[in-house]
Amino acid sequence: MDDTAELDPAVRSILAAARDRAGTGGRETDETAASDRSSVDPRDLRAAFERAEADGRVPVIAEVKPTSPTTEGTREDDPVELAESMVAGGAAALSVLTEPEHFGGSTETLERVREAVDVPVLRKDFIVGASQLDAVESDVVLLIARFVGDDLPELLAAARDREFQVLVEVHDREELAAAVDAGATLIGVNNRDLAELEVDLGTFESVAPAVPDDATLIAESGIATPADARRMRAAGADALLVGSAIMDGDVEANTRALTRAETDTHSTDDAPETRI
Ligand SMILES: O=C(O)c1ccccc1NCC(=O)[C@H](O)[C@H](O)COP(=O)(O)O
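Note that the structure is predicted; figures quoted are calculated from it, not measured.

A. Molecular detail of the site of the ligand. Lining the immediate environment of the ligand, one finds 20 residues, of which Glu63, Lys65, Thr70, Lys124 and Ser244 sit closest. Residue Ser68 places a side-chain N or O atom 2.9 Å away from an oxygen atom belonging to the ligand. At 2.8 Å from an oxygen atom of the ligand is found a side-chain nitrogen or oxygen belonging to Arg192. For the ligand, the accessible surface in isolation is 510 Å², of which the surrounding protein chains cover 98%. For the shell around the ligand, the secondary structure elements donating two or more residues are helix 1 (9-22) and strand 8 (239-242). Taken together, the residues of the shell around the ligand sort by class into 8 nonpolar, 7 polar and 5 charged.

Right, dumping it as structure tokens:
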């Protein structure tokens, strides 16, 4: 049976490419020989969020996202310069796309960025097989509940064996229950619906109340303005993951507008770069 039929065609293509890279056909979580496995010395993501809070900044994971299926064109700037600008704008952590075919990412980019900054770096990719975990070192890896299905507990364990912190992404309460059952403690609620690619900040608001209090909760996608940032924080977000709105224009100013959303409340509340 095609388990991807209800996904947007772009997402089906992303998933097919990920399964090719994993060499799994999506049915098993292919293991790498123990001697070739990554073992990272991760920078602590929760500690980075706490530092931001102590400093009066909204904890923001700023995403280096050169392009995407929902973005026009590709941002060609040096990703390391973009990453440094995000940190200068107060980002608590970074996310770097490593998916090459649909997002313009690469593992080399992640390596360069991680070497250049001292904040934790999330590897943003579509991991469906354990062998993909060994492609590059990062502080955090993403597992998308919708994509990994029943393999979630096994992949979570494989990632933790390699010392990665694991962000498990969900979109509804059913996926959240699966994530919690699997032992996820770092949970992202994606406001982007992978079936339609539409973004609705109400998604986070409807799922967040069901997240266990001891989990670290991240609001993902569609956060464009300081008002959006405050809305997600009011709904319980410990941190925000933001790509497009930061990548569009002056990256440092865009990041700062969001990280200061709770202190610069006099600022106008349109798109961060153009309106502050
Ligand atoms: O961003 C896309 O167009 C996209 C399309 C298909 C699957 C996933 C997609 N995005 C992945 C993400 O999770 C976002 O890059 C991330 O949450 C940041 O979202 P945004 O701030 O809306 O760029």
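B. Highlighting the packing of helix 3 (residues 79-88) against helix 5 (residues 107-116). Running from N to C, helix 3 and helix 5 cross one another at 40°; their axes reach a closest spacing of 9 Å. Taken together, the axis directions place helix 3 and helix 5 in an arrangement best described as oblique. In the crossing of helix 3 with helix 5, the sense of the turn from one axis to the other is right-handed. The residues of helix 5 that touch helix 3, namely those facing Pro79, Val80, Ala83 and Glu84, are Thr109, Arg112, Val113 and Ala116. Residues of the contact of helix 3 with helix 5, tallied by class, amount to 5 nonpolar, 1 polar and 2 charged.

C. Layout of the sheet that holds strand 8. The strand order around the closed barrel formed by 8 strands is 1-2-3-4-5-6-7-8, and the pairing between neighbours is parallel. Neighbouring strand axes in the sheet, compared pairwise and without regard to direction, differ in orientation by 25° on average. As paired strands, strand 2 (residues 93-97) and strand 3 (residues 121-124) are joined by 4 bridges and run parallel to one another. Note on strand 3: the bridge partner recorded for Leu97 is Lys124. Its contacts with the sheet put helix 3 on strand 1 (60-64) and strand 2, and the angle it makes with strand 1 is roughly 165°.

D. Representation of the pairing of strand 8 within the structure. Covered by surrounding structure in strand 8 are Ala239 and Leu241 together with Leu240 and Val242, the residues of both alternating faces. Two strands pair when backbone bridges link them, and strand 1 and strand 8 are joined in this way by 3 bridges, in the parallel orientation. From the neighbouring strand, Val60 faces strand 8, where its bridge partner is Leu240. As paired elements, strand 7 (residues 216-220) and strand 8 share 3 bridges and run parallel to each other.

The rules behind the values
- Residues numbered from 1 in each chain as written.
- Predicted model: local features only at pLDDT ≥ 70, side-chain atom pairs only at ≥ 80, totals over all residues.
- Heavy atoms only, no water.
- Near = heavy atom within 4 Å.
- Polar contact = N/O pair within 3.5 Å; in protein donor to acceptor, adjacent residues only side chain to side chain.
- Areas by Shrake-Rupley, 256 points an atom, 1.4 Å probe, with all protein chains shown as cover.
- Helix = DSSP H or I, 4+ residues; strand = E, 2+ residues; numbered from the N terminus.
- Nonpolar A, V, L, I, M, F, W, Y, C, P; charged D, E, K, R; others polar.
- Axes fitted to C-alpha atoms, helices over the stretch in contact; angles between N-to-C directions.
- Parallel < 35°, antiparallel > 145°, perpendicular 65-115°, else oblique.
- Left-handed = near helix turned anticlockwise from the far one by under 90°.
- Contact = heavy atoms within 4.5 Å.
- Pairing = 2+ DSSP bridges.
- Buried < 20%, exposed > 50% of the residue type's maximum accessible area, 1.4 Å probe, protein only.

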